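Architecture and fold: a report
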Amino acid sequence: MSAYLVFNHHSLPFTDRKQAKAALPDFLRICEKAIRLGKETILIDHGHDQHWFNLELAPGYTWKDWHDQAPSETQNPERLYDQIRAFRSIATRQPFFLESDIAAGADLYEVWHPDQTPAPAAFLAACWHDAPLLSFATQPQWQISPFSVIVRTLDMQGNLQETSSEITNIHSLSIIEGLSATWQAARDEAFRKGRDLWQHRSQRYPNLIFCGKSESQLCNWRQSETTFEQVKQVLDILDQFGRQWQTGLIADYSHDALRNLGLQHRVSGESESCAANSKRRRERTFYLPTGEKAYFENHVKLSNGQRMHFFPDKKTCSVHVGYIGTHLR
């Protein structure tokens, strides 16, 4: 399961602002709990305010209205400020699907209800990202967990594949409390696996040089098992390329050389506009073991918006891995 929650905008609006205000404290406690358990980003569909402030909770009532009016209405200011801090700490990202998701086949992916009616867009995002829904319990239909769905995909030969699946729907504190132990165990396991990979990197990837942010990112890994497996697959390909490059079996670095070795994810360099932007270029620049700086423009696009940036050093025929994390600006 990924580090995302998918906000179910279909569960809004409430009938009136009184209902919305009554539901917000529990909703924010759910968010606090989810963040502590490693769910650091809430995905929001396009067309909604990215920072939530203008999201309409009830007719004529937004998060901004709650934020601005709450201090004058509360008898427990300390708890209110905790809620405001929780609200401000929530990281959001939109849209549901990045270009990398589309390239990986999100546009060939459908989610249906068992009665053969199309499921809402938030259901599609939850299945694609292997993430729970985060819903307001506005109506009985949003007070169900899990939802049973049918997932339909096209394989490489164009054949339709159909599987049954379930989507966890977090609509109450009791739901997330029931998930806490499982999520904590998964998070602990991800930490362990990332640290194990780092500790044994010289044995598993003898032809790669790790630098930049790669150590801290692997040792503090919080992404899904699926993405972690992709990281290992890409590192295997880069290590194989590095070995053949150093022995002369491959003359020079190219994206095609990685593809010929079996790389199935998109690999590319950065655009000229990115290279010309000092802030963006600096984010992709890391120190090599020699003390020199290098621009790690080459990157592999993984699921859930993750990227692996690397630098093929043509002077030494060596591959440096500098960044394994969220999509840089």
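Each remark here, short or long, concerns the structure printed above.
Given the structure is predicted, the values throughout are model-derived calculations rather than measurements. (Residues numbered from 1 in each chain as written. Predicted model: local features only at pLDDT ≥ 70, side-chain atom pairs only at ≥ 80, totals over all residues. Heavy atoms only, no water.)

**As for a nonpolar patch on the surface**
Where nonpolar side chains cluster on the molecular surface, the patch consists of Leu108, Leu154 and Leu160 and spans about 280 Å² of accessible area. Tracing the sequence through the fold places Leu160 in strand E9 (residues 160-167). (Patch = residues over 30% accessible without salt bridge, like charges linked within 9 Å, V, L, I, M, F, W, Y side chains within 5 Å. Areas by Shrake-Rupley, 256 points an atom, 1.4 Å probe, with all protein chains shown as cover. Salt bridge = Lys/Arg side-chain N within 4 Å of Asp/Glu carboxyl O. Helix = DSSP H or I, 4+ residues; strand = E, 2+ residues; numbered from the N terminus.)

**A word on the sheet that holds strand E17 (residues 318-326)**
Spatially, E11-E17-E16-E15-E12 is the arrangement adopted by the 5 strands of the open sheet, whose pairing is mixed. Strands at the two margins of the open sheet, each flanked by one partner only, are strand E11 (208-210) and strand E12 (267-268). As judged from the 4 bridges shared by strand E15 (residues 298-301) and strand E16 (residues 306-313), these two strands associate in the antiparallel manner. Directly across from His299, in E16, lies its bridge partner His309. (Pairing = 2+ DSSP bridges.)

**Digging into helix H9 (residues 225-246)**
Since the α-helix turns once every 3.6 residues, residues separated by three or four places project in the same direction. Relative to the 32 Å expected for 22 residues at 1.5 Å per residue, H9 spans 32 Å between its end C-alpha atoms, a close match to the ideal helical length. Directly beyond the C-terminal end of H9, a positive phi value near 90° is found at Gly248. (Expected span 1.5 Å × (residues − 1).)

**Some remarks on the packing of aromatic side chains**
All chains considered together, the criterion is met by 20 aromatic pairs. Look at Trp221 and Phe228: their rings are 5.8 Å apart centre to centre, the planes differ by 55°, and that puts the pair in the tilted class. In this structure, Trp221 and Phe228 share a single accessibility class: buried. With a centroid separation of 5.8 Å and 70° between ring planes, the pair formed by Tyr253 and Phe310 is classed as edge-to-face. One end of the pair, Tyr253, is in the loop between H9 and helix H10 (255-260); the other, Phe310, is in strand E16, and 57 residues separate them in sequence. (Phe/Tyr/Trp six-rings, centres within 6.5 Å; stacked < 30°, edge-to-face > 60°. Buried < 20%, exposed > 50% of the residue type's maximum accessible area, 1.4 Å probe, protein only.)

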